[in-house]
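# Descriptive analysis of the structure
Letter by letter, the chains look like this.
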Amino acid sequence: MQKNILFIMYDQLRFDYLSCAGHPHLKTPNMDRLAAKGVRFSRAYVQSPVCGSSRMSFYTGRYVHSHGATRNGVPLKVGEMTLGDHLRAVGMDAVLIGKTHMRVDADGMERLGLARDTIIGARVAECGFDVFTRDDGLWGRGPAGYYDDGPQPYNDYLKAKGYPGANPWHDFANAAVDDEGEMASGWFMENADKPANIAEEDSETPWLTREAEAFIAGDHARPWLCHLSYIKPHWPYIVPEPYHAMYGPEHVVPAVRAQSERQDPHPVYKAFMDGLVGRNFSRDDVREKVIPAYMGLIKQCDDQLGRLLDFLEREGRMADTMIVVTSDHGDYLGDHWMGEKDLFHEPSVKVPLIVYDPSPDADATRGTVCDALVESLDLAATFIDFTGGAIPAHIVEGRSLMPFLHGATPVDWRDFVVSEYDYSATPIATALGRKPREARLIMVADTRWKMMHAEGFRPMLFDMEADPQELRDLGDDPDYEAIVRMMYERLSRWARRMAQRTTRTDAQMEGGGGSGAKGILLGVFEPGEVPAEETAYYRGKPGRQD
């Protein structure tokens, strides 16, 4: 039977904004529907709490420390193996619909003579995917031009539908209209309670769903992985009717924060709290505007997931298609006096992860919750394993989740997870006087302890058993010095891992390389010290002709 993979990623979806994860007001029956068919992983962590770096770890199966795309805008270097490379090696296509936030290594491509209008060049430029539709959904425009460059397929779609102007992504999909008929931009959070000035079916999420349906319904000579990468519920926080009015301030859960967090905080944490995003999301009136819109965006995502699941059932694809739902990172939404993502509290670095495996081997685990420590890079290994391929462990640093899906516990599963953030080229680094190579943060966490290493500063430490809301930083408490040492030992062990040798497997490296069989006989005093066949060409009469 052909095995396909539908790899769905939402942008900036919090782990706890699903009804199956316990949200008291937001109902997501289709996320719940998929969770009932598969396994929901309750401790899934991304390798970086920002879009670009996190996604590059999803797509390579490697830590940020390994692939080097350390923050948004930093290219994934030419030569990094991606999901597309691994899956094509086992006979599966890898196709993109939506966002990757990948920046092409243009200098590297030019150095190697790779042209983007070739098959190989196009794949290198698109993170290993064959593009069905790519749109990162960030068509912000300012005095220096557009944030993104290149084709704008969603804008082209809107223009074809009759929406006027150069940038209907903003003017209609991400803006409302005020009482005077003027544009009320979604960039201004005061407008979050207004309906986006667009027909709901023309907004970004339904558009991408239809693109996915068009791909899946097509003729396919080979099995496929379809990466359906939605743009929402990422900001701008604005959503069309009827979703804009489904939730109100009464549905906004109280912020997880305490005044004690503001008393002598860690310098990096303080800098984020003191920034414009942190100051605004610390205001209750801002949260009461933004969070209902964020919930509306998620509800629209859930409705579109339901449409997609119904489509897959009609097409007979539920029987042969693995379905994964996850997110590239979360959103603080005012928790810990912060907005956006960036740091390593649970709302930012932990993500939803639901995996549906159609095979009968997964029947015993349907509807269960797995509490194992999972990292986003595990999906690359899982996809390769699902296809029946051998996981190239010298390249892919994640581990397959297939045993969990089939009711087994893998041997020697990890006891801690790692996430990284490069905050150079930000106002935070400037405010702290940190040079680019100093502006680095690394999280090490297990099921109880979470530590954040900050280059040049003391660590942060949380006891998530005694303090599950992460309100008390123990990093400078002498009573916890032994815990800090343990976490640094783990960080040291992780940093010493073998991650650079990606061109030879461990099996190829065993046995000393076999140089003796090719006539390299180092340290030999007389012929009898090595196997006779290794010296055959060095014995006998000189001048042999073979």
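The structure presented is a predicted model; accordingly, all values stated were derived computationally and were not measured. (Residues numbered from 1 in each chain as written. Predicted model: local features only at pLDDT ≥ 70, side-chain atom pairs only at ≥ 80, totals over all residues. Heavy atoms only, no water.)

### Structural notes on the overall build of the chain
What the chain contains, in helices and strands, is 18 helices and 19 strands. A compact globule built from 546 residues would reach a C-alpha radius of gyration of about 24 Å, and the chain, at 26 Å, matches this within 12%. Dimensions of the chain, computed from C-alpha atoms along their principal axes, come out at roughly 100 × 65 × 55 Å. Per-residue burial over the chain gives 55% buried out of 546 residues. In the chain, 71% of the contacts between residues at least 6 apart in sequence involve partners at least 24 apart. When the accessible area of the chain is evaluated, it comes to approximately 23300 Å², of which 52% is carbon and sulfur surface. Of the side-chain charges in the chain, 60 are positive and 83 negative, and the distance between the mean point of each set is 4 Å. (Helix = DSSP H or I, 4+ residues; strand = E, 2+ residues; numbered from the N terminus. Rg over C-alpha atoms; globule rule 2.2 N^0.38 Å. Buried < 20%, exposed > 50% of the residue type's maximum accessible area, 1.4 Å probe, protein only. Contact = heavy atoms within 4.5 Å. Areas by Shrake-Rupley, 256 points an atom, 1.4 Å probe, with all protein chains shown as cover. Lys, Arg positive; Asp, Glu negative; His and termini not counted. Charge placed at Lys NZ, Arg CZ, Asp CG, Glu CD.)

### A closer look at the packing of aromatic side chains
Counting across every chain of the model gives 20 aromatic pairs. Seen in terms of ring centroids, tyrosine 154 and tyrosine 157 are 6.3 Å apart; in terms of plane orientation they differ by 20 degrees. Their pairing is stacked. Of the two residues, tyrosine 154 and tyrosine 157 are both situated in helix α7 (residues 153-160); the distance of three residues between them amounts to about one turn of the helix. Comparing tyrosine 154 with tyrosine 157, the two get one shared label, buried. Geometrically, the ring pair formed by tyrosine 154 and tryptophan 207 is tilted, given 4.9 Å between the ring centres and 50 degrees between the ring planes. One end of the pair, tyrosine 154, is in helix α7; the other, tryptophan 207, is in helix α9 (residues 204-216), and 53 residues separate them in sequence. We classify tyrosine 154 as buried; its relative accessible area is 0%. Judged by relative accessible area, which is 4%, tryptophan 207 ranks as buried. (Phe/Tyr/Trp six-rings, centres within 6.5 Å; stacked < 30°, edge-to-face > 60°.)

### Thoughts on the sheet that holds strand β18 (residues 449-454)
In any sheet, the strands associate via hydrogen bonds between backbone groups, in a parallel or an antiparallel arrangement. Read from one edge to the other, the open sheet built from four strands follows the order β16-β17-β18-β19, with strand pairing classed as antiparallel. Of all the strands in the sheet, just β16 (417-422) and β19 (460-463) have a single pairing partner and so form its edges. For this sheet, the mean angle separating the axes of adjacent strands, direction not counted, is 10 degrees. As judged from the five bridges shared by strand β17 (residues 440-445) and β18, these two strands associate in the antiparallel manner. (Pairing = 2+ DSSP bridges. Axes fitted to C-alpha atoms, helices over the stretch in contact; angles between N-to-C directions.)

### Quick look at the side chain of glutamine 304
Inspection of the secondary structure puts glutamine 304 in helix α12 (residues 284-314). On the basis of relative accessibility, which here comes to 8%, the residue glutamine 304 falls in the buried class. Discounting residues that sit within four places of it in the chain, glutamine 304 has contacts with Glu200, Thr205, Pro206, Thr209 and Tyr230.

### Let's talk about the nonpolar core
Counting 68 residues, the largest nonpolar core has Phe7, Phe41 and Phe383 as the members making the most contacts within it. The leading source of residues in this core is helix α14 (residues 378-386), at six residues. If we skip the residues at most four places from it in the chain, phenylalanine 383 touches Ile5, Phe7, Leu83, Leu87, Leu225, Met322 and Val324. Residues Tyr230, Tyr247, Ala293 and Tyr294 belong to the second largest nonpolar core, which totals 59 residues. (Core = buried A, V, L, I, M, F, W, Y, C linked by side-chain atoms within 4.5 Å.)

### Some points on the pattern of salt bridges
On inspection of all chains with the given rule, the structure shows 40 salt bridges. Between aspartate 477 and arginine 472 there is a salt bridge, with the nearest N and O atoms lying 3.4 Å from each other. Residue aspartate 477 is classed as buried on the basis of its relative accessible area, which comes to 19%. Members of the salt-bridge network, linked through shared partners, are Asp11, Arg55, Lys99 and Asp328. (Salt bridge = Lys/Arg side-chain N within 4 Å of Asp/Glu carboxyl O.)

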